Structure formats: C-alpha cells, structure tokens
Amino acid sequence: MHEMDSLLTLLVNGLLHRHVPDHFVILSFLMVLSLLVAFLATRKLSVDRPGVLQQILELIVEVVGKFLDDIIGHHGRRYMPVIGTFAVLILLSNLIGLVPGFMPPTGSILVTLSLALCSFVTYNFIGARAAGFGYLKHFMGPILPMAFLFFPIEVVSHLARPMSLAIRLFGNIFGDHQVGGVFLHLVPFAVPVPFILLGIFVSFVQTLVFILLSMIYIAGAVEHH
Amino acid sequence: MRKKALIVLVGALLLMLAAPAFAEEGGAAAGAGLGKDALGVLAAGFSMAFASAICGLAQGKAISAACEGSARNPGMADKLQIMMIIGLAFIESLALYTMVIIFVKM
C-alpha cells in the first residue's frame, strides 16, 4: 500500500524540483478553485434572476444554516463561517478523490487530524468565551464534591473527540478510495460504477457527519448548566 | 447425454480445485511453513471480518429502530434521521479503528 501522488503534484514537483506533499498541492488547488468560484458567483448578485452559481451557493448556506438553527438554537447562525468553511473544504476534498488522477486530501491522516484539531480548538474557544472561567464547570460533572472523579474522565473524553473525528473521516475516505481502486484494477469497465456512486454518497455523508458533530460539540460548549 | 455433461462438469470442477492446490504446494515449499508475515495477513483479514460483521449488525439494529420510530411518528422523521446518522457514524468508527490498526501494523 504505497502512497501515490496526483498528476498535478507530479507536475508541480517536476516544475519546482522539490518534493511538495500531495495533500498540500491539492488543498491549494481546491482553495484557488473555491475562491475563484466564490468571486465569479458574487460578481453579479441578483434577487430577481439568480444565476446557477448563486443558487448553488445559496443552497449550501441554507442547508448549513438550517442545521445550525436545529442544533445550536436561535443564535446558531453566528457560527456559520467556521462550519461553512469546514463543509465546503471537506466536501470538495472528498469529491476530488473521485476524479481520475487526483488523490483525496482527506485520505491523509495529517489533513483530517488538522481539521479535527481546528474543530477542537474552536469549540473550546467558543465555550470559554461564552462562559469565562465558568466553562470549567463543564468538566466537573453534576456534583461538585465528585469533581475529582469526573475531571480526568471528562478530559479524556474531550481529547478523544478530535481523534475520533480525524480517524472517522480518514478511514472512510481512504477506505473508499482503496475499494474503488481495487475494483477498477479487477474489471476496468462498468463494474466500478456502483463504487463511484457509493463514493459520492460517502463523501456527502462524511461531510455531514463532521459538521454535525462539530455543531453538537459547539452546542454542548455554549449550553448553560 | 446428461451423464456426459455431468462428467465434464465434475472434471472442470476438479481442475479448478487442482490449480490452487498446486499453487499452495509450491508456496509451502518455497516459504517452508507459515512465517510471521503470513500470520499477520491472516490476523488482518480475520479482524477486519469480525469488526465489519458485528458493526453491520449494530448498524442494522440502529437503522431498524430509526425506521420504526419514523413510521410511528412521521413528524419526528427529520430529527430521527439526524440522530441516526450520528449514531451510525459512532458505530462505524469502531470498525474504522480496526482498519487503521491493520494499516499501522502491516
């Protein structure tokens, strides 16, 4: 199971005479692509006759906003920027693995671990900003005299969250890519099509799971005891 | 006529079974017994099989409960779906831990 580089990475490495990591090149490519799409879509916005790009972007904002309203509550839309960034970045990274010649960046544990750590830092920061020192009460359990028992357990369970977020995303995308590759090797015609469809489904579901769990962690951090 | 077809079929089956048998003999002669790598491959296959089998059972239980719930009360279907997906993600991560361990150890 050796790692392969995308064609784009091979091109960049050949031009620069360096060894740039694959996920870095693909993530930069996706960043440029999404910035370009956002720029093109927001150049001429219109209420009466929205263009195709504008409708797609509005759909993303609506879906993420609905989840935020459902899970966090009436002030949930404050966290739209961070959750929306996660959603767009992870969805694009998952889907680009299905394009021939590209490796998915989320199939690398480094990328998913950094995303999960971002989520971890974000929800702890939001919780600490909302409650100040009172945020420590989240780790103390229901009864104060029992705090010395609850504190280690809570700390370990909070530290397990980014690990499980990272391994879930990595395992799903990596495994899906491997399965697709194996079937493409076995029968390079018609048989891999269901696995590509499965890959599209998995890409969307894993994006949904990542942002849903991030929202639930934020909701847990800002709730009052 | 039928007897002839039966003989041909049995012959073909025997030939199919024979090829792996020969291959196994050659492999055993070359490797001289099960090495550490072979045991590792065996363990990897069995652990992934166990993990995915029991994970599948657990996910089936979760999905059937969610389906029953939304059939009884379709108004709750949206909330149940979100909760089901989150639960499935937690169950699935157990099988994925096994896969990651396999890839780390191989």
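Just above sits the structure.
Our subject in this report is the structure included herewith. Model, not experiment: these values are computed from the prediction.

For chain A, the helix and strand inventory stands at seven helices and zero strands. Shown N-terminal to C-terminal, the secondary structure of chain A runs as helices and strands in the order α-α-α-α-α-α-α. Seen through its principal axes, chain A has C-alpha atoms that stretch 65 × 50 × 40 Å. Across the 225 residues that make up chain A, the buried fraction comes to 36%. Excluding contacts between residues fewer than 6 apart, the proportion of contacts in chain A whose partners are at least 24 apart in sequence is 64%. Here chain A has roughly 13,500 Å² of accessible surface; of this, 76% comes from carbon and sulfur atoms. Between the mean site of the 11 positive side-chain charges and the mean site of the 11 negative ones, chain A shows a separation of 8 Å.

The interface of chain B with chain A comprises twelve residues on the first partner and 18 residues on the second. Surface buried jointly by chain B and chain A totals about 1,300 Å² across both partners, of which 82% is contributed by carbon and sulfur atoms. Connecting chain B to chain A are zero salt bridges. For the pair chain B and chain A, the number of links is two residue pairs in polar contact (both at pLDDT 80 or more). Split by residue class, the side of chain B that touches chain A holds ten nonpolar, one polar and one charged.

Counting through the fold element by element, Phe46(B) comes out in helix α2 (residues 36-72). Separated by 55 residues in sequence, Phe46(B) and Ile101(B) place their C-alpha atoms 13 Å apart.

So, on to the packing of helix α7 (residues 193-222) of chain A against helix α3 (residues 77-105) of chain B. Taken N-terminus to C-terminus, the directions of α7(A) and α3(B) make an angle of 100°; their axes are 10 Å apart at the nearest point. In terms of axis orientation, α7(A) runs roughly perpendicular to α3(B). Where α7(A) abuts α3(B), its residues Gln206(A), Leu208(A), Val209(A), Leu212(A), Leu213(A), Ile216(A) and Tyr217(A) lie against Ile82(B), Ile85(B), Ile86(B), Ala89(B), Phe90(B) and Glu92(B).

This part covers the pattern of salt bridges. Residue and element names in this part refer to chain A. For the structure shown, the criterion picks out two salt bridges over all chains. Put simply, Lys66 and Asp70 hold a salt bridge, and the shortest N to O gap is 3.7 Å. Here Lys66 and its partner Asp70 are both found in helix α3 (residues 52-71), four residues apart, which amounts to about one turn of the helix. For Arg77, the salt bridge is made with Asp69, and the minimal N-O distance between the two is 3.1 Å. For Arg77, a relative accessible area of 36% puts it in the partly exposed group. By relative accessible area, which is 32% here, Asp69 ends up partly exposed.

About the thresholds
- Residues numbered from 1 in each chain as written.
- Chains lettered and ligands numbered in written order.
- Predicted model: local features only at pLDDT ≥ 70, side-chain atom pairs only at ≥ 80, totals over all residues.
- Heavy atoms only, no water.
- Helix = DSSP H or I, 4+ residues; strand = E, 2+ residues; numbered from the N terminus.
- Buried < 20%, exposed > 50% of the residue type's maximum accessible area, 1.4 Å probe, protein only.
- Contact = heavy atoms within 4.5 Å.
- Areas by Shrake-Rupley, 256 points an atom, 1.4 Å probe, with all protein chains shown as cover.
- Lys, Arg positive; Asp, Glu negative; His and termini not counted.
- Charge placed at Lys NZ, Arg CZ, Asp CG, Glu CD.
- Buried area = accessible area lost by both parts, 1.4 Å probe.
- Salt bridge = Lys/Arg side-chain N within 4 Å of Asp/Glu carboxyl O.
- Polar contact = N/O pair within 3.5 Å; in protein donor to acceptor, adjacent residues only side chain to side chain.
- Nonpolar A, V, L, I, M, F, W, Y, C, P; charged D, E, K, R; others polar.
- Axes fitted to C-alpha atoms, helices over the stretch in contact; angles between N-to-C directions.
- Parallel < 35°, antiparallel > 145°, perpendicular 65-115°, else oblique.

None of this, on its own, says anything about what the molecule does.
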